[in-house]
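Structural description and commentary
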Amino acid sequence: MSPSELPIFCENPYLSSYSFPHTLKLPSLRNAAPLLIPPLSDSADDNYVESHQNLSNLQLIPNGFSSNLTKTSSKRVFIQDPPWVSSLFMKNLLFRSRNKSGVKIEYQEMERRKYYLLRRRQIKVETEAWENMVEEYKELEREMCEKKLAPNLPYVKKLILGWFEPLRAAIEKEQKSLRTKKHKTAFAPFIDALPADKMAVIVMHKIMGLLMMGGKEDRCVRVVEAAIQIGVAIEHEVRIHSFLEKSRKCQRRDIVDESQGISSKEALLLRKRVKSLIRRNRVLEVQKLVRNEEFKSWGRDTQAKLGCCLIELLTHTAYVQPPVNQSADSPPDVRPAFRHLFKIATREPGQNLVKRYGVIECDPLVLTGLDRTVKHMIIPYVPMLVPPKKWKGYDKGGYFFLPSYLMRTHGSRQQQDAVRTVPGKQMQKVYEALDTLGNTKWRVNKRILGVVESIWAGGGNIAGLVNREDVPIPELLSDDLEVVKEWKWSVRKAKKINRERHSQRCDMELKLSVARKIKDEEGFYYPHNLDFRGRAYPMHPHLNHLSSDVCRGILEFAEGRPLGKSGLHWLKIHLANLYGGGVEKLSYDGRISFVENHLWDIFDSADKPLNGNRWWLTAEDPFQCLAACINLSEALKSSSPHTVVSHLPIHQDGSCNGLQHYAALGRDSFEAAAVNLVAGEKPADVYSEIAVRVHEIMKKDSNKDPATNPNALVAKLLLGQVDRKLVKQTVMTSVYGVTYVGAREQIKRRLEEKGLITDDRLLFSAACYAAKVTLAALGELFQAARAIMGWLGDCAKIIASENQPVSWTTPLGLPVVQPYFKTQRHVIRTSLQVLALQREGDSVEVRKQRTAFPPNFVHSLDGSHMMMTAIACRDAGLRFAGVHDSFWTHACDVDRMNQILRQKFVDLYNIPVLENLLESFETLYLALSFPPLPKRGDFNLEKVLESPYFFN
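Values in this document were obtained by computation on a predicted structure and should not be read as measured data.

**What about the pairing of strand β6 (residues 389–393)?**
The two faces of the sheet receive side chains in turn, since in a regular strand these alternate between them. Pairing of β6 with strand β7 (residues 396–398) involves 2 bridges; the strand directions are antiparallel. Paired with K389 across the bridge in β7 is G398.

**With respect to the sheet that holds strand β5 (residues 356–362)**
Strand order in the open sheet formed by 3 strands is β1-β5-β4, and the pairing between neighbours is antiparallel. For this open sheet the edge positions go to β1 (220–222) and β4 (338–344), each flanked by a neighbour on one side alone. Ignoring which end each strand starts from, the neighbouring axes of this sheet average 35 degrees apart.

**Re the packing of helix α29 (residues 846–875) against helix α31 (residues 913–924)**
Contact geometry of α29 with α31 gives a least axis separation of 13 Å together with a crossing angle of 120 degrees. Relative to α31, the element α29 is oriented oblique. As α29 packs across α31, the resulting crossing turns out to be right-handed. For the pair α29 and α31, the contacting residues are F853, F857 and L861 in the first and V913, L914, L917 and F921 in the second. Classifying every residue of the contact of α29 with α31 gives 7 nonpolar, no polar and no charged.

**Regarding the side chain of Q303**
The topology assignment puts Q303 in helix α10 (residues 300–317). Given the relative accessible area of 4%, Q303 is considered buried. Excluding residues that lie within four positions of it along the chain, Q303 makes contacts with A227, I228, G231, V232, E235, S297 and W298.

**Examining the packing of aromatic side chains**
Applying the stated criterion across every chain yields a total of 26 aromatic pairs. When the centroid spacing of 6.3 Å and the interplanar angle of 70 degrees are considered together, the rings of W442 and Y526 count as edge-to-face. Here Y526 lies in the loop between α15 (481–518) and β10 (528–531) and W442 lies in strand β9 (residues 442–444), a separation of 84 residues in the sequence. Grouping residues by exposure puts W442 and Y526 together as buried. Ring centres of F853 and F857 lie 5.8 Å apart, and the angle between their planes is 50 degrees; on these two criteria the pair is classed as tilted. Taken together, the residues span about one helical turn, with F853 and F857 both in helix α29 at a distance of 4 residues. There is no split in this pair, since F853 and F857 are both buried. Linked through ring pairs, W808, F853, F857, F921, Y925 and F930 together constitute an aromatic cluster.

**Overview of α15**
In this model, α15 (38 residues) spans 56 Å end to end at C-alpha, consistent with the 56 Å of a helix rising 1.5 Å per residue. One side-chain oxygen at the N-terminal end of α15 lies 3.2 Å from the backbone nitrogen of E482; it belongs to D480.

**What to know about the pattern of salt bridges**
Between side chains of opposite charge, a pair can form when the charged atoms approach closely. Per the counting criterion, the structure on display carries 41 salt bridges. We note a salt bridge from R533 to D531, for which the minimum N-O separation is 2.6 Å. What makes R533 buried here is its relative accessible area of 15%. Assessed through its relative accessible area of 9%, D531 is described here as buried. Between D723 and K754 there is a salt bridge, with the nearest N and O atoms lying 2.8 Å from each other. Here the residue D723 occupies a position in the loop between α24 (711–718) and α25 (724–734), and K754 occupies one in helix α26 (residues 740–754), the gap between them amounting to 31 residues. Each member of the salt-bridge network shares a partner with another, and the members are E453, R468, E509 and R516.

**With respect to the environment of R879**
As for its placement among the helices and strands, R879 is situated in the loop between α29 and β20 (881–883). Not counting chain neighbours up to four residues away, the residues in contact with R879 comprise N439, E559, R561, W888, T889 and H890. At 2.8 Å, the side chain of R879 forms a polar contact with the side chain of E559.

**Observations concerning α31**
Given 3.6 residues per turn, any residue in an α-helix points the same way as the ones three and four places further on. Its 12 residues place the ends of α31 16 Å apart at the C-alpha level, agreeing with the 16 Å of an ideal helix rising 1.5 Å per residue. Residues V913, L914, L917, L918 and F921 constitute the buried set of α31. Relative to the axis of α31, the buried residues are bounded by an arc of 130 degrees and lie together on one face.

**Describing the sheet that holds β10**
Here we have 3 strands laid out as an open sheet, ordered β8-β10-β11, and mixed in their pairing. Edge positions in the open sheet fall to β8 (407–408) and β11 (536–538), since each of these has one partner strand only. Relative to β10, β8 runs parallel, the two sharing 2 bridges. Residue pairing in the sheet places R408 in a bridge with D531 of β10. Strand contacts of helix α13 (residues 428–438): β10 and β11, with the helix running at about 130 degrees to β10, the strand carrying the most contacts.

**Thoughts on the packing of helix α28 (residues 783–800) against α31**
Look at α28 against α31: their axes get within 12 Å of each other, and the N-to-C directions meet at 10 degrees. Taken together, the axis directions place α28 and α31 in an arrangement best described as roughly parallel. Two secondary-structure elements touch here, α28 through I788, W791, L792, C795 and I799 and α31 through L914, L917, L918 and F921. Grouping the amino acids of the contact of α28 with α31 by side-chain chemistry returns 9 nonpolar, no polar and no charged.

**As for the confidence of the model for the protein**
On average, the protein scores 80 in pLDDT, and the residues at 70 or more come to 79%. Contacts for the low-pLDDT stretch residues 1–99, under 50 throughout, to residues beyond four places or in other chains number 183 contacts. Low pLDDT, under 50, characterises residues 258–263; the predicted model gives this stretch 2 contacts beyond four residues in sequence or across chains.

**Some words on unusual backbone geometry**
For N461, which is not a glycine, the phi torsion comes out positive at approximately 65 degrees. Here N461 is to be found in the loop between α14 (446–457) and α15. For C656, which is not glycine, the phi dihedral falls at a positive 50 degrees.

**As for a positive patch on the surface**
A grouping of K797, R847, K848 and R850 is seen on the molecular surface, where their side chains present a positively charged patch. A per-element tally of the positive patch places α29 first, with 3 residues. Position of K848 relative to the elements: it lies in helix α29. Of the residues examined, K848 reaches a relative accessible area of 37% and is grouped as partly exposed.

**Topic: empty space enclosed by the protein**
Scanning all chains against the criterion turns up 3 cavities of 30 Å³ or more. Its boundaries defined by the atoms lining it, the largest cavity holds a volume of some 60 Å³. Those elements that provide at least two residues to the lining of the largest cavity are α17 (564–579) and α20 (622–637). Each residue belonging to the lining of the largest cavity can be placed in one class, and the counts come to 5 nonpolar, 3 polar and 1 charged.

Cut-off values and rules
Residues numbered from 1 in each chain as written. Predicted model: local features only at pLDDT ≥ 70, side-chain atom pairs only at ≥ 80, totals over all residues. Heavy atoms only, no water. Pairing = 2+ DSSP bridges. Helix = DSSP H or I, 4+ residues; strand = E, 2+ residues; numbered from the N terminus. Axes fitted to C-alpha atoms, helices over the stretch in contact; angles between N-to-C directions. Parallel < 35°, antiparallel > 145°, perpendicular 65-115°, else oblique. Left-handed = near helix turned anticlockwise from the far one by under 90°. Contact = heavy atoms within 4.5 Å. Nonpolar A, V, L, I, M, F, W, Y, C, P; charged D, E, K, R; others polar. Buried < 20%, exposed > 50% of the residue type's maximum accessible area, 1.4 Å probe, protein only. Phe/Tyr/Trp six-rings, centres within 6.5 Å; stacked < 30°, edge-to-face > 60°. Expected span 1.5 Å × (residues − 1). Polar contact = N/O pair within 3.5 Å; in protein donor to acceptor, adjacent residues only side chain to side chain. Salt bridge = Lys/Arg side-chain N within 4 Å of Asp/Glu carboxyl O. Arc of directions from axis to C-beta. pLDDT = per-residue confidence, 0-100. Patch = residues over 30% accessible without salt bridge, like charges linked within 9 Å, V, L, I, M, F, W, Y side chains within 5 Å. Areas by Shrake-Rupley, 256 points an atom, 1.4 Å probe, with all protein chains shown as cover. Lys, Arg positive; Asp, Glu negative; His and termini not counted. Charge placed at Lys NZ, Arg CZ, Asp CG, Glu CD. 1 Å grid on protein atoms, 1.4 Å probe; cavity = no way out; pocket = protein on both sides within 12 Å on 5 of 7 lines; lining within 4 Å. Points joined across faces, edges and corners; volume = space filled by probe spheres on them.

Set out below in structure tokens:
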């Protein structure tokens, strides 16, 4: 019985997400002793990954029960998935308890045991992925040898199995070669750090993974990218491998000592020291003692050299052969699967030097059908089965074994140093916010996953899913020069579309692969970390709530809470918001009326999503809309709608949130009203206002003489195409520093979607003109925001002109250093080719420091607002998830979250943000002079508390 099918015994929304009834009154049995399960001998500290003795000692227990297993087993085998006792069976067990305290203790023991079993499974997932894949290929090889037949395998596994043994043998030969230590250090460092079979699997999977996700290069992956990724993956596995090998040796030593009756003084002292540190919660020191040394990073040079050596071995050992369709007399067409070659880099304007770069090109046969078998690739960072480790430092938190870092610094030394050296007390709120996000428990919505799977199996191309078929390559029908020219252009375009589709199909397969693996789990968690500006992201990259509509539709809260009266109200509004098409800009009453007028469509969508009228497919976010239809249909068909339990996250989104932050900084009343910082009868729509202004400018231009004004014809062509959607993305990103080129590309994509302009040159001209007009309209309407952006840019220019990066501290205490430095080329010689690696230089990029500072500063403020809201929601007993400027909670808790997020916004801007920033600049750069703060208005921030559409 799945959790979703269990009866609901408890309606208290503030209880935790267990399926077991909390308030059930249980009869007691006379003379029945409490059933207490012996505690497991795991670590006392919730952040301490298995002790070295226990880790090497985990044996395979088929049904979750122990048996007489010898301690000398050399293999690392963990407890298999336990046959979970259903909630109802647990309830029956508790009838044996005499009193309520017995029930409580017994339940806690069961939950504790369940947690540790899940924790062991999580550690197995993190540490055993590559080893399990090695064992699988070895087993397949044994099967082939015994049966003299090739097993029936998915395409990608068939390829890799054919390459596995030759590559393994080549790596083993390299490891045993009599080359000098100096030669190995120069060309193959750490080649013997892992067993050859494990290295072979890592190399093959990494190369195939890069080819799957690549869309920019045609069947190619750059050598430098592939080499570093392989090197990094091997380094991560070496860390785990070496730790577990030491654990094994330590275990064997203990056995020898016990058999000889020897108890060494050093071992006793070490045990005492470890126990003492565990009592004082000094987890990292315990781990260092167990490991006996701290692992130092290899560095990019070493990673690249090792990666290149292994790639070279792969190119020499991997072959493909097309299906046999030639005559028996002709030799078989066996050819290399991968080739190393050089490509010419695209020249930049004014560049005379021709640059070449190395690539690994795969044979066309390698890519055939690859996107249909992506699910067989290894995905290391999957959602966690237990809550992540609490954050306590730069590399202290998140996953148990997989490398986890608080911030994605992308190699910026100064940003890393800033985060490493900041006092832990200053970062406490940041840690708490990330822990709150990481402790939100999710599960897969199986009904939505089933619908997605059905559409995908049918070829996709519905509800935003990519088409699973390629577009046909046009044929040349004439030798006419103009026709040939057009044909070449259309071939390039078709190939580009097919590369993009291939990449999107692979991405979709990865998402579905993760969903299939975790769909039967009671729940899972997403560890979160930050980008350098302080915005939070899940560390798992594929199936997460920051991703596309299909991912958001598949995911829901694991904990359900009864809707209540307000929850039913918000569920209807949420459905209207997801439907979109302008409905989300109606008043709340208007949105509820829209839903009530479409109840028949909603019921039909919920009951027959694929065989009915499929109204949900007309929504802007179809899969999320379908999930809301199902939940609302269930509630309205119930005899007591308010008691129906909902797992659906309800979103409250900011109204052009970047401009909301600028309006609060500038206290400008007009701009505050334009972005819903003040109450109104219905939401103000800044995108529509800009669209109206753009239309006015274009109408004026269209009436001009085309002979003197070349934009007149384009303006006339665009008049009927200007709407809210055309300008929305450009307006939204304008406060985040969108350039003219970026705006042009955004508008060009919208015009392509409309399909009214088919000529590519005319389309480009129209996008250029529309981008200029949109940016001009923005400058007219948001002058106060422009003034603050200009002031921030001027300050950044002054700082960067002194060859200093712009740095500041967010209101929550997070230090931020802009990572824009001129890169230095660092050349290294590898066995494959000479590689030019990029390193962070000592000179800052002045222009980038200036243009990026205004959007980065605002991002750091919206990140602070989200984290402040997350902590306050946790303290109020709410479940919370955040997607930058979109805050999510249960339907019944939306009213409370709305109060919290408004109060936290007011709290944030009651701090003198710009004054503090200027003061920090003047303190940090004593010799520099900064311009005065821009003039600001007198808008009363308290009005935000009364604005119903501030977030809606």
